[in-house]
Amino acid sequence: MTQATPREPRAGRAFLWGTATAAYQIEGAYNVDGKGPSIWDTFTHTPGKTERGETGDVACDHYHRWEHDLDLMAEMGLRAYRFSLAWTRILPQGRGTVNPAGLDFYDHLVDGLLARNIVPFVTLYHWDLPQALQDKGGWVNRDTARSFQDYADVVTRRLGDRVKNWITLNEPFIAADHGHVSGEHAPGLHDYTLYFPVTHHLLLAHGLGLQPIRENVNGAQVGIAFSLAEIQPATDRDEDIEAATRCDAYMNGAYLESTLRGRYPALIAEQMPIDLIQSGDMATISGKTDLIGINYYMRLLAQAAPTAYGGFTIAPWPPGPRTEMGWEQYPAGLATWVRRLATDYPDHDLYITENGAAFSDTLDDAHQVHDPQRVNYLREHTRAALTALAAMDARLKGYFVWSFLDNFEWAYGTRPRFGLVYTDYATQARYIKESGRWYARLIEAGAPDDI
Ligand code: IFM
C-alpha cells in the first residue's frame, strides 16, 4: 500500500489574498458631506465609553485619503479588499432621503479598486447603525430589518454593476452581545434578554437584504461574516463539556444554523420569546447564500456557570503566546473552522474574511516597523488554513488580513495596532510594516513556507 503524500499548503493563482477594514474604524469625516450620526458617533461622544475618550471622528481620515490608501494596496499587490459602507453616509436618517455624496464616495472607491485590479468585497453592516433607527429601538425593533433591506436596495442599485461580492452583516453575535448584553460596544445596552430579539432581527435583516442584492446584482456572490471562535471545554468534566456545547450554540450555532439551515439550535429556540419569530422568518433568514465569511481570532475555553447568561463563562487561557489584545494565539482553530464548515455546509464557498493580530508596533527613525510577531502570526494562520484547504479540498477561496492599516479598535480606540500598514495618527502618514512586505511576498508565492 502506498502512503499518500501530504499536499503542501499552497493557494492557487485564483485565491484572493486581501485585507479588510470597516467604515467607522478608518473613514473619519463623521459629519462631513451630509453624513448622519450613527450609534458609534453617539457612543464615542459619551464620556467613559472608550479607553482614552477617543472617538472615530477622524480615525485614519480614509475619507479624504482613500486614493493614497488604494495606491498602497496596489503597491502591496493585494488582490481583494473588504470594506464596509457607512449606512448614514448614504441614508443619514437610516431610511428615506438618500445623500448623493455618500453614494458618490463609495462609487469612486469601487472604481479606484477596479482600476488597480483589486476585487471589492462590500460589507453592508459593520455595526454603525443609524442613530435615527436606534432612537426607534434599534435592533430590538423588527422594523430595523426592513430599513436594512431598503438600504441594501439603494446601495446595490448604485454599485451592483461593479461589485459582485456582498457581505450582509459583520459578526452578528458581536453586535448582539457586545452592543446589548455586555454593553462594551454601541449602543451600550446591558440586558442579556436582548440577545434574542437583537439576534433574530439582525438575521432577519440579513435575509431581507438578500432579496435586493439578488435583484440588483447580476452574478452576485453573497454571504455573511461570522465571528467564529473555536469553543473547547475548559476541563473534561461533564458540566464543562455541556457548557462548551451551550457556548458554541450561543456564539456560533445560532448564526450558522439559522442562516444556512433555517433553524435555531434547540437550546436557543426554546428561549426565544413567543411571537418573536413570525411565520416565514426562518425561510427568509435562510435564503440562498453563496459564501460564508470566517472571522477568526481565538479559541475560547468554556466552563459551567449555571447562573450566568447562557449557563457558561470563559476560563483563562493556559500560558502561551498572546497578542496585544491579550488574546491567545491558536492557529489550529482556524483549520478546525475550515474543516467544520467544509463538512457541514459543503455547498458554500469559504472566505476567511478576517484574521490578524494587534502588537505594540513602533516606528523607528528610518520609518520602518519591525513586527516579526505579526509575520509569525500570519505565517502560522495561513499555513493552518491552507493545510485544511488541501486536506479537505475545501472551497476556501480567499483570505483577508485584519487589517489593511492600524485603525480605530472600537472601545480600545487607536491603541491596538492591527494593520499591515502603520498609521501615524499625528500626521496621518502611512508606512508599510515588515509584515505588509511579507504579505506582499506571500501573495506572489501563494505559500507561507516558501518565503
Ligand atoms: O476590529 C475588529 C473588527 O471590527 C471586527 N472583528 C474583530 C476585529 C478585531 O477586534
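Whatever comes next refers back to the structure up there.
Computed from a predicted structure; not experimentally measured. Residue positions within a chain follow its written sequence, with the count starting from 1. Two thresholds apply to this predicted model, a pLDDT of at least 70 for residue-level local features and 80 or more for giving and counting side-chain atom pairs, whereas whole-chain, interface and lining totals are computed over all residues. To obtain the side-chain values, all non-hydrogen atoms of the structure were included, while hydrogens and water were left out.

Caption draft 1: Up close: the overall build of the protein. Runs of H or I in DSSP of at least four residues are treated as helices and runs of E of at least two as strands, each being numbered from the N terminus. Broken down by element type, the protein carries 15 helices and 13 strands. The C-alpha atoms of the protein give 21 Å as radius of gyration, which agrees with the globular expectation for 451 residues (22 Å, within 12%). Overall, the protein is about 65 × 60 × 45 Å in size when its C-alpha atoms are taken along their principal axes. Buried means the residue's accessible area, taken with a 1.4 Å probe over protein chains only, is under 20% of the maximum for its type, while exposed means over 50%, and partly exposed covers the values in between. For the protein, buried positions account for 62% of its 451 residues. Sequence separation of 24 or more characterises 76% of the internal contacts of the protein that already satisfy a separation of 6 or more. Using a 1.4 Å probe, accessible areas were evaluated by the Shrake-Rupley method; residue-level cover was limited to the displayed protein chains. Total accessible area on the protein is roughly 17,100 Å²; 51% of this is exposed by carbon and sulfur atoms. Taking the average location of the 40 positive side-chain charges in the protein and that of its 57 negative ones, the two points are 4 Å from each other. All radius of gyration figures rest on C-alpha atoms, and the globule criterion is 2.2 Å times the number of residues raised to 0.38. Two residues form a contact once any of their heavy atoms are found within 4.5 Å. When charges are counted, neither His nor the chain ends are considered; positive counts come from Lys and Arg and negative counts from Asp and Glu. In this description, the location of a charge corresponds to atom NZ of lysine, CZ of arginine, CG of aspartate or CD of glutamate.

Caption draft 2: Representation of the sheet that holds strand β4 (residues 165-170). At least two DSSP bridges between two strands are required for those strands to pair. The sheet built from eight strands closes into a barrel, its strands ordered β1-β2-β3-β4-β5-β7-β10-β11 with parallel pairing. Strand-to-strand, the axes of this sheet are offset by a mean angle of 25 degrees, without reference to chain direction. One ladder, built from four bridges, connects strand β3 (residues 119-125) with β4; its direction is parallel. For Phe-121, the partnering residue across the bridge sits in β4 and is Asn-165. Lines fitted to C-alpha atoms define the axes here, with helix axes fitted over just the stretch in contact, and angles between the N-to-C directions of these axes take values from 0 to 180 degrees.

Caption draft 3: Looking closely at the environment of Arg-142. If you trace the backbone, Arg-142 turns up in the loop between α6 (131-134) and α7 (143-159). Overall, the relative accessible area of 26% leaves Arg-142 in the partly exposed class. Separated by 96 residues in the primary sequence, Arg-142 and Thr-46 have C-alpha atoms spaced 26 Å apart. Apart from residues lying up to four places away in sequence, Arg-142 is in contact with His-200, His-201, Leu-204, Leu-276, Gln-278 and Asp-281. Polar contacts, as counted here, are pairs of nitrogen or oxygen atoms within 3.5 Å of one another; within protein the pair requires one atom able to donate a hydrogen and one able to accept it, and residues that are adjacent in sequence qualify only if both atoms are side-chain atoms. Side-chain polar atoms of Arg-142 contact the side chain of Asp-281, separated by 2.9 Å.

Caption draft 4: Spatial organisation of helix α8 (residues 172-180). Counting buried positions along α8 gives nine out of nine residues, so the element sits mostly inside the fold. For α8, the set of buried residues is Pro-172, Phe-173, Ile-174, Ala-175, Ala-176, Asp-177, His-178, Gly-179 and His-180. Contacts from the buried residues of α8 go to β4, α9 (195-216), β5 (221-227) and α10 (238-261).

Caption draft 5: Up close: the site of the ligand. Distances are taken per atom, and a residue is near a molecule or strand as soon as one of its heavy atoms is within 4 Å of it. Near the ligand the following residues occur: Gln-25, His-126, Trp-127, Asn-170, Glu-171, Tyr-297, Trp-327, Glu-354, Trp-402, Glu-409, Trp-410 and Phe-418. For the ligand, an oxygen atom lies 2.7 Å from a polar atom in the side chain of Gln-25. Here an oxygen atom of the ligand and a side-chain polar atom of Trp-402 are 3.3 Å apart. Coverage of the ligand by the protein chains reaches 94% of its 280 Å² of free accessible surface. All residues other than Ala, Val, Leu, Ile, Met, Phe, Trp, Tyr, Cys, Pro, Asp, Glu, Lys and Arg, Gly among them, are scored as polar; the first ten of these are nonpolar and the last four charged. Partitioning the shell around the ligand into residue classes produces six nonpolar, three polar and three charged.

Caption draft 6: Region of the structure containing the packing of aromatic side chains. Planes of paired rings set the category: under 30 degrees apart is stacked, over 60 is edge-to-face and the rest tilted, where pairs are Phe, Tyr or Trp rings (Trp by its six-membered ring) whose centres lie within 6.5 Å. In the structure shown here, the tally under the stated rule is 33 aromatic pairs. Geometrically, the ring pair formed by Trp-40 and Trp-410 is tilted, given 4.6 Å between the ring centres and 50 degrees between the ring planes. In this pair, Trp-40 is assigned in helix α2 (residues 39-44) and Trp-410 in the loop between β11 (396-402) and β12 (421-424), connecting sequence segments 370 residues apart. On the accessibility criterion, Trp-410 (4% relative accessible area) is buried. Through successive ring pairs, a cluster of aromatic residues spans Tyr-24, Trp-40, Phe-43, Trp-127, Phe-408 and Trp-410. Positioned above the aromatic ring of Phe-105, the side-chain terminus of Arg-89 is 5.9 Å from the ring centre. Distance and angle both matter: a charge sits over a ring if NZ of Lys or CZ of Arg is within 6 Å of the ring centre and within 35 degrees of the ring normal. Geometry around Tyr-330 places Arg-299 over its ring, the cationic atom sitting 4.3 Å from the centre.

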